[in-house]
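# A look at the structure
Now for the letters of each chain:
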Amino acid sequence: MIKLITVDELRPGMFVHKLEVWWIKDKRIRNQMLITDKRQIAWIRNEGILEVWIDLDKSVQAPQKPPEPKKEIPQTPFFHEIDQAQAIFIQGKPQVLAMFNEARLGQGLDLNYTLNLVDEIAGSLTREPTALLSMARLKNHDDYTYLHSMAVCGLMISLGKKLGLDEQQQRRVGMGGLLHDVGKAAVPLEILNKPGRLTPEEMAIMRQHPIVGAQMLMEADADEDLLDITLHHHEKMDGSGYPHGLKGEEISLFSRMAAVCDVYDAVTSDRPYRKGWTPAEAMHNMLSWRGHFDIKLLQTFVRSIGIYPVGSLVRLASGRVALVVQAGEQSLLKPKVHVFWSLHAQREIKPEELDLGDSFCTDSITGAEDSSMWHNIDLNRIWALESA
């Protein structure tokens, strides 16, 4: 049986049926060769050969060495913070749920109740800027409204940092993100949780939530900036938004920020009626919606989040899958990645670090991968490449 494998999978005992090249300089390697020494594999790799055809019938079982004890892989800051971020969402959900229930029952909102949650989200972003935002994309249908509020809080703080807002301003935009949809507490649940497209009548009811939310915040003596975010996060730069049809600079900076963060989290989240976009798809589409967003603000948002966020999985032109571990220094399209899977061989390969922005690198990203497909892979081990 003839099988195509990567050079990284080549082992002593395998019989090379054919090398995937037409010309070989090193006379020590050839077609129809039994691999008996790891140096032969190095010679093949030095020729720039990435894949070889092996004959399983002619291959022999190499002597097995006793397994070496596995090294304990220290958890990386990103994956450690993923655990922290998950705890924040688990503990924060009941708080946001209670806030929405109080609003639904007509009880007054206690805004001080939200301050600790905003500070915890800000703390996570300070410790590791990408972990919480990666976790924020994982929502189920029942939790969407509440986790969406926490996600927008985190996105607002992240964007505020990139814009150079001071810590107090970051806290305010974060609080605004947490409260921006509080008016949805007054929307009937059969409309709020409807799995399909809303009718025009239902959409008219849904579009009242900014006004209702602002009224709730006024009764809670909220400051003007929080009222403004809640009231105007659906306005558009060309004046086609709602509820007041504001245009351009008539929309405050904080509300323009909320418009970007709210839409980004919505379109990258799975909903009952559609699969969420990848971050790259969301960025591409949002940048194409002329007149919707403040384009300079959106470009800053793209730089703060990244087209391929840290912790996401991407597909490479070489037919491999990689984990994004660092944003590209020269281009957002060319991050640093750790390669760990061969799509050709359909198997895990030894992790390899790759800087797609390096002038000598010939590989490139061809698309994003659905992270849910790789739940059996220990990505923390892939991340900790130096320990692999």
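Each remark here, short or long, concerns the structure printed above.
Residue positions are counted from 1 within each chain, in the order its sequence is given. A pLDDT threshold of at least 70 governs which residues receive local features in this predicted model, and a stricter bar of 80 or more applies before side-chain atom pairs are shown or counted, although totals over entire chains, interfaces and linings include all residues. Water and hydrogen atoms play no part in the side-chain values, which are based on all heavy atoms of the structure.

### Quick notes on the overall build of the protein
Counted only if it meets this: A run of DSSP states H or I qualifies as a helix once it reaches four residues; a run of E qualifies as a strand once it reaches two. Both are numbered from the N-terminal end. Three exposure classes are used, based on accessible area relative to the maximum for each residue type with a 1.4 Å probe and protein chains only: buried under 20%, partly exposed in between, and exposed over 50%. Should any heavy atoms of two residues lie within 4.5 Å, those residues are considered in contact. Calculation of accessible area relied on Shrake-Rupley with a 1.4 Å probe; when residues are assessed, cover is drawn exclusively from the protein chains displayed. Charge counting treats Lys and Arg as positive and Asp and Glu as negative, with His and both chain ends excluded. Lys charges are placed at NZ, Arg charges at CZ, Asp charges at CG and Glu charges at CD.
Helix and strand content of the protein: 14 helices and nine strands. When burial is assessed residue by residue, the protein has 49% of its 388 residues classed as buried. Long-range contacts, defined here as pairs at least 24 residues apart, represent 63% of the contacts in the protein between residues at least 6 apart. Carbon and sulfur atoms make up 52% of the accessible area of the protein, which amounts to about 20300 Å² in all. Put simply, the protein has 43 plus and 52 minus side-chain charges, and the middle of one group is 9 Å from the middle of the other.

### Quick notes on the packing of aromatic side chains
What counts is decided by this rule: Only Phe, Tyr and Trp rings take part, Trp by its six-membered ring, and two of them pair if their centres are within 6.5 Å. Stacked means planes under 30 degrees apart, edge-to-face means over 60, and tilted covers everything else. Counted as over-ring charges are cases with an Arg CZ or a Lys NZ within 6 Å of the ring centre that also lie within 35 degrees of the ring normal.
Enumeration according to the criterion identifies four aromatic pairs in this entry. Seen from their ring centres, Tyr 264 and Phe 301 are 5.1 Å apart, and the 70° between their planes marks the pair as edge-to-face. With Tyr 264 in helix H11 (residues 253-267) and Phe 301 in helix H13 (residues 295-305), this residue pair connects regions lying 37 residues apart in the sequence. Side by side, Tyr 264 and Phe 301 carry an identical accessibility label, which is buried. Ring centres 6.2 Å apart and planes at 55° place the aromatic pair Trp 277 and Trp 289 in the tilted group. Linking Trp 277 in the loop between H11 and helix H12 (279-288) with Trp 289 in the loop between H12 and H13, this pair joins segments that are twelve residues apart in sequence. Each residue in the set Trp 277, Trp 289 and Phe 293 is aromatic and connected to the rest through ring pairs, giving one cluster. For the cation-ring pair, Arg 28 lies above Trp 43, with the distance from its terminal atom to the ring centre recorded as 4.0 Å.

### Quick look at the environment of Arg 171
Within the secondary structure, Arg 171 is located in helix H6 (residues 167-179). Remark: the alpha-carbon pair of Arg 171 and Thr 268, spanning 97 residues in sequence, is separated by 24 Å. The residues touching Arg 171, leaving out its near neighbours within four places in the chain, are Leu 115, Val 118 and Asp 119.

### Remarks on the sheet that holds strand E5 (residues 313-316)
To be explicit about the condition: By this definition, two strands are paired if DSSP reports at least two bridges between them. Only the stretch in contact is used when fitting a helix axis, every axis being a line fitted to C-alpha atoms; angles between N-to-C directions are given from 0 to 180 degrees.
Strand order in the open sheet formed by five strands is E8-E7-E6-E5-E9, with antiparallel pairing between adjacent strands. With one partner strand each, in any of the chains shown, strand E8 (347-355) and strand E9 (365-369) form the two edges of the open sheet. Looking at each pair of strands side by side, their axes are set apart by 30° on average, direction ignored. Relative to E8, strand E7 (residues 336-342) is paired through six bridges, and the arrangement is antiparallel. Among the inter-strand pairings, His 338 is bridged to a residue of E8, identified as Glu 353.

### A short note on the environment of Arg 137
Turning to its location among the elements, Arg 137 is positioned in the loop between helix H4 (131-135) and helix H5 (144-163). With relative accessibility at 28%, the residue Arg 137 sits in the partly exposed group. Along the primary structure Arg 137 and Pro 279 are separated by 142 residues, whereas in three dimensions their C-alpha atoms are 9.7 Å apart. Not counting residues within four places of it along the chain, the set of residues in contact with Arg 137 comprises Thr 268, Trp 277, Thr 278 and Pro 279.

### Here's the deal with the nonpolar core
This is how it is decided: As used in this record, nonpolar core signifies buried Ala, Val, Leu, Ile, Met, Phe, Trp, Tyr and Cys residues forming a set joined through side-chain atoms within 4.5 Å.
Residues Leu 109, Leu 111, Ile 121, Phe 301 and Phe 340 are the most contacted members of the largest nonpolar core, which totals 91 residues. If near-sequence neighbours (up to four positions away) are discounted, Leu 111 is found in contact with Met 175, Leu 179, Leu 217, Ala 220, Ala 222 and Leu 226. Ile 5, Ile 24, Ile 29 and Ile 54 belong to the second-largest nonpolar core, a separate cluster that totals 15 residues.

### What about the pattern of salt bridges?
As a reminder, the rule being used: Salt bridges are identified by distance alone: a Lys or Arg side-chain nitrogen within 4 Å of an Asp or Glu carboxyl oxygen.
Summed over the entire model, instances satisfying the criterion amount to 14 salt bridges. Among the salt bridges present, the one from Asp 37 reaches Arg 39, with a minimum N-O distance of 3.0 Å. Overall, Arg 39 belongs to the exposed group, its relative accessible area being 54%. Where Arg 315 meets Glu 369, a salt bridge forms, and the shortest distance between an N and an O atom there is 2.6 Å. Residue Arg 315 is located in strand E5, and its partner Glu 369 is located in strand E9; the two are separated by 54 residues in the primary sequence. Among the residues examined, Arg 315 registers a relative accessible area of 28% and is labelled partly exposed. The network of salt bridges with shared partners includes Arg 172, Asp 223 and Asp 225.

### A closer look at the packing of H11 against H13
Defined as follows: Reported orientations rely on four angle classes, namely roughly parallel under 35 degrees, roughly antiparallel over 145, roughly perpendicular from 65 to 115, and oblique for the rest. The sense of a crossing depends on the near helix, which, turned anticlockwise from the far helix by less than a right angle, makes the crossing left-handed and, turned clockwise, makes it right-handed. Any residue outside Ala, Val, Leu, Ile, Met, Phe, Trp, Tyr, Cys, Pro, Asp, Glu, Lys and Arg is labelled polar, Gly included; the first ten of those are nonpolar and the last four are charged.
Two elements in contact, H11 and H13, have axes whose closest approach is 10 Å; the angle formed by their N-to-C orientations is 55°. Put simply, H11 runs oblique to H13. Two packed elements cross with a definite hand, and for H11 against H13 that hand is right-handed. From H11, Leu 253, Arg 256, Met 257, Val 260, Cys 261 and Tyr 264 reach across to H13, where they touch Leu 297, Leu 298, Phe 301 and Ile 305. Here the residues of the contact of H11 with H13 sort into nine nonpolar, no polar and one charged.

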